[in-house]
Amino acid sequence: MTRAGPRARRAGAPAASAAPGASLLPRVARLSLLVALTGCAAGESPPAAPSVPSAPAARPTAARQPNPAAPVADAPLLVAEAPGVWLDDPGRRAKLLALAPQIEAHLGAELARQELPGFTIGVVVGGELAYARGFGVRDPASSEAPDADTVYRVGSITKTLTAAAILQLRDEGKLALDDPASRYLPELAKVVYPTSDSPRITIRHLLTHSSGLPRLGRFKYSDPSRDVTEAELRAAVPGALLEYVPGTKEAYSNFGFALLGLVVERASGHRYRHHVSERLLAPLGMSSSFWEQRAVPPGRLATGHRRRAGKLEPAPHWRFGASEAAGGLYASLRDMARYTAFQLSAYPPRSGDDAGPLRRSSIREAHTTARPARLSVEPAAAEGRHAVDATATGYAYAWRAHQSCEDDAVVRHNGAADGYSALVELYPRAGVGLVLLVSHADADTEAIVGEVRSMLREAGVTAPRRERPSARLESAFRGAVALYERFEPARYEALFTPEFRGAIPDSTFEETLQRFRKTHGACRPGALLSWEPPLEARYAMACERGRIEAKLALDAGTSRITRYRLDGIAPPTEAMKRSAQQVLELAAGQPTAAVGPVLSSAADAGAVQEELRALQERRGCKLGGSVDSDGDQEHTFRIVCERGGNLVMKLRIDAGEPGRVREIELDAAKQAGRCPKEL
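Let us look at the structure shown here.

Each value, and the rule that gives it
Residues numbered from 1 in each chain as written. Predicted model: local features only at pLDDT ≥ 70, side-chain atom pairs only at ≥ 80, totals over all residues. Heavy atoms only, no water. Pairing = 2+ DSSP bridges. Helix = DSSP H or I, 4+ residues; strand = E, 2+ residues; numbered from the N terminus. Contact = heavy atoms within 4.5 Å. Axes fitted to C-alpha atoms, helices over the stretch in contact; angles between N-to-C directions. Polar contact = N/O pair within 3.5 Å; in protein donor to acceptor, adjacent residues only side chain to side chain. Phe/Tyr/Trp six-rings, centres within 6.5 Å; stacked < 30°, edge-to-face > 60°. Buried < 20%, exposed > 50% of the residue type's maximum accessible area, 1.4 Å probe, protein only. Salt bridge = Lys/Arg side-chain N within 4 Å of Asp/Glu carboxyl O. Parallel < 35°, antiparallel > 145°, perpendicular 65-115°, else oblique. Left-handed = near helix turned anticlockwise from the far one by under 90°. Core = buried A, V, L, I, M, F, W, Y, C linked by side-chain atoms within 4.5 Å. Nonpolar A, V, L, I, M, F, W, Y, C, P; charged D, E, K, R; others polar.

## Things to note about the sheet that holds strand β5 (residues 151-153)
Then, in step 1: Read across the open sheet, the 3 strands follow the order β5-β9-β6; overall the sheet is antiparallel. Since the sheet does not close on itself, it has two edges, and those belong to β5 and β6 (289-290), each with one partner.
Then, in step 2: Bridging between β5 and strand β9 (residues 330-332) involves 3 bridges; their strand directions are antiparallel. Residue pairing in the sheet places Val151 in a bridge with Ser332 of β9.
Then, in step 3: Its contacts with the sheet place helix α8 (residues 333-344) against β6 and β9, and it is angled at close to 90 degrees to β9.

## Brief notes about the side chain of His367
Then, in step 1: By the element assignment, His367 lies in helix α9 (residues 360-367).
Then, in step 2: At 2.7 Å, the side chain of His367 forms a polar contact with the side chain of Gln343.
Then, in step 3: Not counting residues within four places of it along the chain, the set of residues in contact with His367 comprises Gln343, Tyr347, Ala396, Trp399, Ala401, Val411 and Leu426.

## Description of the packing of aromatic side chains
Then, in step 1: Scanning all chains against the criterion turns up 17 aromatic pairs.
Then, in step 2: Arranged with centres 6.4 Å apart and planes meeting at 35 degrees, the rings of Tyr252 and Tyr395 form a pair that is tilted. Here the residue Tyr252 occupies a position in the loop between α5 (230-235) and α6 (254-268), and Tyr395 occupies one in strand β11 (residues 388-395), the gap between them amounting to 143 residues.
Then, in step 3: The buried category is assigned to Tyr252, whose relative accessible area is 16%.

## Focus on the pattern of salt bridges
Then, in step 1: Applying the stated rule across the entire model yields 44 salt bridges.
Then, in step 2: Across the pair Arg273 and Glu292 runs a salt bridge whose closest N-O atoms are separated by 3.1 Å. Of this pair, Arg273 sits in helix α7 (residues 272-281) while Glu292 sits in the loop between β6 and β7 (305-308), and the two are 19 residues apart along the sequence. One exposure class covers both Arg273 and Glu292, and it is buried.

## Concerning the packing of helix α2 (residues 100-114) against helix α10 (residues 445-459)
Then, in step 1: One way to put it is that α2 packs onto α10 with a least axis distance of 9 Å and a crossing angle of 165 degrees. With respect to α10, the element α2 is oriented roughly antiparallel. Classified by chirality, the crossing of α10 by α2 is right-handed. Contact residues: Gln102, Ile103, His106, Leu107, Glu110, Arg113 and Gln114 in α2; Ala447, Ile448, Glu451, Val452, Met455 and Leu456 in α10.

## Quick look at the nonpolar core
Then, in step 1: Among the nonpolar cores identified, the biggest contains 84 residues, and Ile166, Leu175, Ile203, Leu207, Leu259 and Met336 are the most heavily contacted of them.
Then, in step 2: Contacts of Leu259, omitting those with residues within four sequence positions, involve Leu185, Leu188, Leu213, Leu233 and Val237.
Then, in step 3: Listed in part, the 31 residues of the second largest apolar core include Tyr484, Phe509, Phe516 and Leu535.

## A closer look at the environment of Lys190
Then, in step 1: With respect to the helices, strands and loops of the structure, Lys190 is situated in the loop between α3 (158-171) and α4 (203-207).
Then, in step 2: Along the sequence, Lys190 and Ala240 sit 50 residues apart, while their C-alpha atoms lie 7.8 Å from each other.

## Comments concerning the packing of helix α11 (residues 471-485) against helix α14 (residues 506-520)
Then, in step 1: Viewed as axis vectors pointing N to C, α11 and α14 meet at an angle of 80 degrees, and their least axial separation amounts to 9 Å. In terms of axis orientation, α11 runs roughly perpendicular to α14. Of the residues in α14, those touching α11 at Leu483, Tyr484 and Glu485 are Phe509, Leu513, Phe516, Arg517 and His520.
Then, in step 2: For the contact of α11 with α14, the per-class residue count stands at 5 nonpolar, 1 polar and 2 charged.

As structure tokens, this is what we get:
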């Protein structure tokens, strides 16, 4: 019968342990050895951290700071094991540049279709601005094309800098994320909560858009004639009616982030813009970032536009003033690329220098959803690669984190204000970032970058870097393969823990390896199949006859093998392959009467016919590689089909009637990735 899902593979031999009287029952096809872990040791050196200039010291200020309890200095971390290495694709940049003609054709078409004045787009790879291109004009009056140094307003992307400033101050012990925000803004004690059991608004609530505050406060930050004052911002707080109990929902709040700017000022003792400029922008070399229109050098600012009565016209610039933490920054593509590279530099986690303006761990924290992600599942479009379109998304600290069938973890933020639109999109596991700056408030940024995103994905530009275990694991595996080829007691002692050897004596281990060699012949180290950080992995061994899968775990203290399992997959016999091919031919349309010569007299013809019907529902099925083997009488093949999804087929041959099939079992093949390609 066809099963609803993949069935479990038959277990290997009983596990051995270090307990008295432990025994090993070797089989030709499998070896299972298991012992407890002990100890601790150093690992390989991790990659060096990127160098970031240190932040200048904050200037002393007036007594605006609250008095939180003095932070207690933490002891240095005890690092048990260097993590694995993320192996990058050396051809990633070349793949990107090869796409340039296609990307530019699409972007030129979008510029015309949306009737945009202009935009600049860039892709960061490996910490550098690898591709940058401007389209349209910087200013219709001059007809000059925008470039990487043209300045745009980035709007709400400013919020990510506000979040970074808060985390900076948290790391310095000047505030805590779960502090009541009213400790820094007394006016917040006078907001109106929806229930008497509501928790007080915390800084974390403000960071994650879960405070209940409305989207906008009772002040006009879009007034082009004057700045919003701090008095106006503070006056908008008392009496504000929360839309929900803090922490129970999330709803985007510009008001909440404007107030976070005042929290930064109170905790740091500096004006918000001074703190962000001196402690974040300057250390990152973002010299083309500004807080006011008039500060932008002549000839550098893209003219922002809006559409009125069907026509484009220059848009007046909003004067955010005291609310600028919610969206006041201007920046060039080159500066935003530096900021993007800094965000990406936090990956992978590693030891070594961490001298940036914000700790790597805090950057990663800012990218991690703080609340349960929202899951959306819809039927896929006809041209989609998956059976469904599924997306999980949630707010982190200002940033929004996404994961979908198509993409691994993506972190992004957009912005739209007074004639400008902007987007920053991060692919942390790939080390790739995308930046878009547009001189139109209502630009469809998704239409611009969506196709670019697809191109980058298809070409492998945003493919995650591969993880490789530490050198300790790889060295132990290679040593175990060498021991397989030639058993030596001294090598066995050097590779395995005393507890393991106590449970599995030299003679028993050697005898078991001899049985594997008799079945599979000589073997060499193969590919990494899976890794369970930090000290467990499963590798393939490529053999003369079939293959072996080796799973091992190391003792942290001695780097010796403390658990070891071999699973042998013998190649199918010619008779087995011939029988499997006959089954596929029958399913492809041979007459029912032809089933007879394929089956043994002991076979259940009705059950076999049912399995054949399941194969007939597919199209273009071909015999694939081996999945499992129990010798001459039983073998599991992978069946690759053009339609309907792949299968695994287990055949059992009748020992009394060589070459005749006694039983067929079909199961759906496990599908790689997060989303099924077939339902």
